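Listed here are the chains, written in short residue letters.
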Amino acid sequence: MDFTLSEEHLMIQKAARDFARTELLPGVIERDDKAIKPIEQVKRMQELGFMGMMVDPKYGGGGMDTISYVLAMEEISKIDSSASVMMSVNNSLVCWGLETYGTEEQKQKYLVPLASGDAIGAFALSEPEAGSDATKQHTIAKDMGDYYLLNGIKNWITNGSDSQYYLVIAHTHPEKGHKGINAFIVEKDTPGFTVGPHENKMGMRGSHTHQLMFQDCKVPKANRIGEDGFGFKFAMNTLNGGRIGIAAQALGIAQGALDLAIQYAKERKAFGKPIFEHQAIAFKLAKMHAETEASRLLVHKAAWLKDQHKDYSTAGAIAKYYAAESAMYVTTEAVQIHGGYGYVKEYHVERLMRDAKLTQIYEGTSEIQQIVISRALLKE
Ligand code: CAA
């Protein structure tokens, strides 16, 4: 077993780190405060190839492995998770889903712009009454012969207003349960499709999360992904990889908070010495470091399994569960170590703590990950 990163991996890690420090860090507090989207920064991420990292170069992507992707996700999430969730959804939910299950025509038309940086995509599974219980889709796609008529509402959609293309999950045959669900590619300007206002969120405020409304929205049959009834499997298989991306995001948030806490503990003096030299603080930092290292190993293992074309669904769920829980723990302790300064925006850690909370919720809550993990144990 070799834990060493290759030269190429180190280069990608450095490129993402440099980009995050020079182009994401300036203005990150104001963007969070005023819920301003990182539009210019995401454009740069498109130019630098971060938005379609794993896609085959013949479709305009970077042709990189999942390890490269999680390294970049970690670096970008240390500084700005609003930018990294936009990156993660585009890479692991939209591009991966299209590359793995799309027809050649769909790939040429949609994947090429998404991977090469000309477009952004969104993944629309959740609904007002179907979040964790994802098979209970109320959005209906009625088969009208050569097109589907889409009616319904989607909730909590990342990249909701920034996307050109949306992967939308809907029921075609409700009587068949999850086997009657389909996935569709919907273009932004399709008549009958409207994007609602964005949510006023606790964290990741630069990433805008929207409701999507479909009213008699005509979607060509050619835009269905996979065989009739494949939509739920499509969503689950896609989320298996998405969870690795979010686990890497949680890892980055934790590492970012830990770095800040270490730096602060070395500089801040109390009772005649830097607070790092007080065991109460040193032990906190030791535990935060151990938690973050454990998350990193789980994230890299899940990414490695995916690169080896082995089953990574349980490993991805474990990585997301552990990294999200430990990010919440590490960021909360980072705020505590900063004392009063931790509670104000200038010191970044309160933002990281608010951002960490979302990693326990989206792409499957921590409780859903525990369902996935425990079901796998039953099968063993
Ligand atoms: N991978 C592949 N297939 C899976 C799967 C997985 N992880 N989990 C379930 N399936 C398959 C099952 O094998 C089954 O298929 P068959 O009938 O062919 O055997 C089918 O899906 C139905 O499975 P279950 O009977 O287990 O379904 P369930 O209703 O009991 O629960 C669940 C499944 C795991 C709870 C699932 O509903 C789930 O993952 N829910 C969470 C949804 C989620 O993650 N939402 C996040 C929204 S996206 C988002 O946040 C994006 C964003 O913008 C940031």
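**What to know about the site of the ligand**
In the vicinity of the ligand lie 24 residues, with Ser 132, His 178, Asn 240, Arg 243 and Arg 375 positioned nearest. Separating a nitrogen atom of the ligand from a backbone N or O atom of Ser 132 is a distance of 2.8 Å. The contact in question runs from a nitrogen atom of the ligand to an N or O atom on the side chain of Asn 240, over 2.9 Å. Judged by its atoms lying within 2 Å of the grid points, the ligand is housed in the largest pocket. Secondary-structure elements contributing two or more residues to the shell around the ligand are helix 5 (81–101), strand 3 (147–158), helix 7 (231–267) and helix 11 (366–379). Among the elements that make up the shell around the ligand, the one with the highest residue count is helix 7 (seven residues). Looking at the shell around the ligand, its residues break down into 10 nonpolar, nine polar and five charged. Shared between two domains, the shell around the ligand holds at least three residues of each, these being domain 2 (122–229) and domain 3 (233–379).

**Overview of the nonpolar core**
Core analysis: the largest hydrophobic core is formed by 88 residues, its most contacted members being Met 45, Phe 50, Ile 76, Met 87, Leu 98, Phe 123 and Ile 337. No other element matches the 17 residues that helix 7 contributes to this core. Each residue touching Leu 98, except ones within four places of it in the same chain, is listed here: Lys 107, Tyr 110, Leu 111, Leu 114, Leu 167, Ile 185 and Ile 225. Among the nonpolar cores identified, the runner-up in size contains 16 residues, and Ala 141, Tyr 166, Val 168 and Cys 217 belong to it.

**Topic: the domain arrangement of the chain**
As far as domains go, the chain holds domain 1 (7–119), domain 2 (122–229) and domain 3 (233–379). The C-alpha-based centres of domain 1 and domain 3 are spaced at 20 Å. Facing the 27 residues of domain 1 at the interface are 34 residues of domain 3. Together, the buried faces of domain 1 and domain 3 total about 2400 Å²; carbon and sulfur atoms form 62% of this surface. Counting the contacts that link domain 1 with domain 3 gives two salt bridges. Salt-bridge contacts for Glu 74 lead to Arg 296; the nearest nitrogen and oxygen are separated by 2.6 Å. The tally of links between domain 1 and domain 3 comes to eight residue pairs in polar contact (both at pLDDT 80 or more).

**Quick word on a nonpolar patch on the surface**
A surface patch of nonpolar side chains, amounting to about 450 Å² of accessible area, comprises Met 1, Phe 3 and Leu 297. Counting through the fold element by element, Met 1 comes out in the segment before helix 1 (7–24). Overall, the relative accessible area of 94% leaves Met 1 in the exposed class.

**Focus on the packing of aromatic side chains**
Tallied over the full model, the rule gives 11 aromatic pairs. Between Phe 19 and Phe 50, the ring centres sit 6.0 Å apart and the planes meet at 40 degrees, which makes this aromatic pair tilted. Of this pair, Phe 19 sits in helix 1 while Phe 50 is found in the loop between helix 3 (39–47) and helix 4 (66–79), placing the two residues 31 residues apart along the sequence. For Phe 19, a relative accessible area of 3% gives the class buried.

**Remarks on the side chain of Asp 355**
Tracing the sequence through the fold places Asp 355 in helix 10 (residues 349–359). With no salt bridge to any partner, buried Asp 355 finds its closest opposite charge in Arg 351, at an N-O distance of 4.2 Å.

**Structural notes on helix 11**
Under the 1.5 Å per step criterion, the end-to-end length of helix 11 is 20 Å for 14 residues, consistent within 8% with the ideal 20 Å. Every buried residue of helix 11 is accounted for by Ser 366, Ile 368, Gln 369, Ile 373 and Ala 376. For helix 11, the angular spread of buried residues about the axis comes to 165 degrees, placing them on one side. Relative to its buried face, helix 11 has exposed residues pointing more than 90 degrees away, namely Glu 367, Arg 375 and Leu 378. The elements touched by buried residues of helix 11 are helix 7 and helix 9 (313–338).

Conventions and cut-offs
Residues numbered from 1 in each chain as written. Predicted model: local features only at pLDDT ≥ 70, side-chain atom pairs only at ≥ 80, totals over all residues. Heavy atoms only, no water. Near = heavy atom within 4 Å. Polar contact = N/O pair within 3.5 Å; in protein donor to acceptor, adjacent residues only side chain to side chain. 1 Å grid on protein atoms, 1.4 Å probe; cavity = no way out; pocket = protein on both sides within 12 Å on 5 of 7 lines; lining within 4 Å. Sits in = over half its atoms within 2 Å of the grid points. Helix = DSSP H or I, 4+ residues; strand = E, 2+ residues; numbered from the N terminus. Nonpolar A, V, L, I, M, F, W, Y, C, P; charged D, E, K, R; others polar. Domains from an automatic or database assignment. Core = buried A, V, L, I, M, F, W, Y, C linked by side-chain atoms within 4.5 Å. Buried < 20%, exposed > 50% of the residue type's maximum accessible area, 1.4 Å probe, protein only. Contact = heavy atoms within 4.5 Å. Buried area = accessible area lost by both parts, 1.4 Å probe. Salt bridge = Lys/Arg side-chain N within 4 Å of Asp/Glu carboxyl O. Patch = residues over 30% accessible without salt bridge, like charges linked within 9 Å, V, L, I, M, F, W, Y side chains within 5 Å. Areas by Shrake-Rupley, 256 points an atom, 1.4 Å probe, with all protein chains shown as cover. Phe/Tyr/Trp six-rings, centres within 6.5 Å; stacked < 30°, edge-to-face > 60°. Lys, Arg positive; Asp, Glu negative; His and termini not counted. Expected span 1.5 Å × (residues − 1). Arc of directions from axis to C-beta.

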